[in-house]
Amino acid sequence: MILDRRTFLALAAAAAASPVRAQGLASWSDTLAQARGKPVFFNAWGGDERTNAFVEWTAARVRAEFGIDLRHVKLRDTAEAVQRVIAEKAAGRDAGGAVDLIWINGPNFLAMKERGLLFGPFAQTLPNFRYVDTAAKPSTIVDFTVPVEGYAAPWRMAQIVYVYDSARLANPPRSIPALRDWALANPGRTTHPAVRNFLGATFLKQALFELVPDPSVLQRAAGGDYEATVAPLWRWYDALRPALWRQGRQFPDSGPAQRQLLNDGEIDLMVSFNPAEAAVSIANELLPKTARVYTMAAGTIGNTSFVAIPYNAANRAAAMVVSDFLMGPEAQARMSDPRQLGNPSVLDIARLPEDGRRFFAAIPPIAGMPAPAELGRVLPEPHPSWMTRIAADWERRYTG
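Computed from a prediction, not measured in an experiment: that's the story for all the values here. Within each chain, residues carry numbers counting from 1 in the order of the written sequence. Confidence filtering applies because this is a predicted model: local features only for residues at pLDDT of at least 70, side-chain atom pairs given and counted only at 80 or more, and all residues used for totals across whole chains, interfaces and linings. Only hydrogens and water are removed before side-chain values are computed, so all heavy atoms of the structure are retained for them.

A.B. asks: Requested: an account of the sheet that holds strand 9 (residues 291–294), with residues and values cited.
C.D. replies: If you trace the three strands from one edge of the open sheet to the other, you get 8-7-9, paired in antiparallel fashion. A single partner strand is all that each edge strand has here, and the edge strands are strand 8 (269–272) and strand 9. Neighbour-to-neighbour, the strand axes of this sheet turn through a mean angle of 30°, independent of strand direction. Pairing geometry for strand 7 (residues 161–165) and strand 9, over four bridges, is antiparallel. Looking at the pairing, tyrosine 164 lines up with arginine 292 of strand 9. At least two DSSP bridges between two strands are required for those strands to pair. In this description a helix means any DSSP run of H or I spanning at least four residues, a strand means any run of E spanning at least two, and both kinds are numbered starting from the N terminus. Geometry is summarised by axes, namely lines fitted to C-alpha atoms with helices restricted to the contacting stretch, and by angles between N-to-C directions that run from 0 to 180 degrees.

Next up, the structure:
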C-alpha cells in the first residue's frame, strides 16, 4: 500500500479520535505508582557522544522526578536488541525480559511488529502524546510506510542534510547527479559512512529516490522489479566510488568519524541526518564556524525515531513513563537546542501550555542553524525492504 499524505492525515485523525489503553494499566496514576523504584534497560545506539549525554541527562531527570533507574544499554546496531527479544521468545521467556525500551524505527520496527514482539498499543495513552504534531509531521505515526498503530512512541525527528565548510566550498552540488559530477572534478573530497551504518545506507537511499524514474514504487515492498529499479543507483555509484575519499576503498565507521574528516580538512562535503549538524558541531567546537548545511533541490528524506517496549519487558510501566518524558516539552526542547542535539521536535509547540512553551523560548539563536524553510521538501522514507536489500547488495558488490 502506498501511503500518500492524505492517508497519513487520515491515520493521524484516527489516532487523535480513538485513544487506546494499554492492557493491564488502568490509569496514568497507576502507571506512575508501578514505575517508581524500577529500572529501565534502555537499549539504544551508543555511537554518538551527544546522544549518550542526552540519555544521561534523561536518566538524572527521571530518577529525580519518578524514582526510575534508567540504564543505557549501548548498542552498535539496534538489531542486537531485536535479536535478544527474538531469542527470549524462542526460549519461552514471555515475561521478565532483559530489554525494557528500544530506540527503534525502520526495518527493526517492522520486524518486531510483524512477529508480535511489541507491547501495546500504548503511545496514545501517554499524557504528552496529545501534543505530538501528527498532522504536519505524519512520520510520527507512520514509520517507513508502516503504520505505527500505537506500538511505539515518537521522540526525535531527522532529515538528511549535507554539511560543508563554506570557506572551502562556495557552491555545493544540489542534486544527486551533480554530486557525482562534483566528486569526479574533486576526487577524494567526499565520502559516506560504511553502509552497515544506517547513515551510509541512507546516503544510498537518498540517491535512489532521485535516480528512480517513479519514486512512488519505493513506498511499497521491494518486489520483482527490484533489480530494474535499483540499476540506475548502481550505475551512478560505480562512477562515483573511485572519486570518493581513499578511492572508495575505505569508509568512516560512523557519522562522527566522517565529521572528523571534514574538520581535519580531508573532505569538503559529508552527509548527516541532523539539520542542526553544523550548528551543534560549531557550538561544541567540532567543526569550524564556517560549517553550514543544505538540502538537495528536489528534497531529502526525513523520518521519526521511536521508542518501543518489547512484549515481555520486565518493567513496562517504568518504560512508559520514560517514553512519555521523552515526548514532553522539557526533553523535546533540550533535544531541539543546537547546543545539545538540535533535532526537530515531534511536538506542535503552539499547542503546548505556556509552561511548556517556555522551554523552547529559552533556546538561543545559534550560528549554522538553518531556518525551517531552508530545509525544503521532506521526502518520505522508502519501505524498509529497500534499505535492507540495498545494504546487502552494496556489501556483496563492493566488499566481496
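Having put the structure on the table, let's press on.
A.B. asks: Talk me through the layout of surface pockets; I want residue IDs and the actual numbers.
C.D. replies: Note on definitions: the grid is 1 Å and covers protein atoms alone; a cavity is a set of points where a 1.4 Å probe fits but cannot get out; a pocket is an open set with protein on both sides within 12 Å along at least five of seven lines; lining residues have an atom within 4 Å of a point. Grid points are joined across faces, edges and corners, and a volume is the space filled by probe spheres set on the points. Estimates place the volume of the largest pocket at around 1,200 Å³. Forming the walls of the largest pocket are 48 residues, and the residues nearest its centre are Trp45, Arg76, Asn197, Phe198 and Leu199. The leading source of residues in the lining of the largest pocket is helix 7 (residues 198–211), at five residues. Gly counts as polar in this scheme, as do all residues outside two lists: the nonpolar Ala, Val, Leu, Ile, Met, Phe, Trp, Tyr, Cys and Pro, and the charged Asp, Glu, Lys and Arg. Its residues assigned to classes, the lining of the largest pocket shows 20 nonpolar, 17 polar and 11 charged. The volume enclosed by the second largest pocket comes to roughly 1,100 Å³. Along the wall of the second largest pocket there are 44 residues; nearest its centre are Lys137, Met157, Gln159, Pro344 and Val378. Here the residues of the lining of the second largest pocket are counted per class, giving 27 nonpolar, 12 polar and five charged.

A.B. asks: Requested: an account of unusual backbone geometry, with residues and values cited.
C.D. replies: With an omega dihedral of 5°, the bond running from glycine 120 to proline 121 counts as a cis peptide bond. Note that proline 121 resides in the loop between helix 5 (107–114) and strand 4 (142–143). Phi is positive for threonine 145, which is not a glycine, with a value near 75°. Its location among the elements puts threonine 145 in the loop between strand 4 and strand 5 (146–147). Its identity is not glycine, yet glutamate 285 carries a phi of approximately 60°, on the positive side. Relative to the helices and strands, glutamate 285 resides in the loop between helix 10 (277–283) and strand 9. In this scheme, a residue with accessible area under 20% of its type's maximum is buried, one over 50% is exposed, and one in between is partly exposed, where area comes from a 1.4 Å probe on protein chains only. Exposure remark for glutamate 285: the relative accessible area of 71% places this residue in the exposed category.

A.B. asks: Run through the pattern of salt bridges, naming residues and quoting values.
C.D. replies: Any carboxyl oxygen of Asp or Glu that lies within 4 Å of a side-chain nitrogen of Lys or Arg is treated as forming a salt bridge with it. Enumeration according to the criterion identifies 18 salt bridges in this entry. A salt bridge links aspartate 69 to arginine 63, with the shortest nitrogen-to-oxygen separation between them at 3.8 Å. Taking the relative accessible area as the measure of exposure, aspartate 69 reaches 25% and is therefore partly exposed. With a relative accessible area of 44%, arginine 63 lands in the partly exposed category. Linked through salt bridges whose partners overlap, the residues forming this network are Asp48, Arg50, Arg259 and Glu277.

Shape descriptors only; they carry no functional weight alone.
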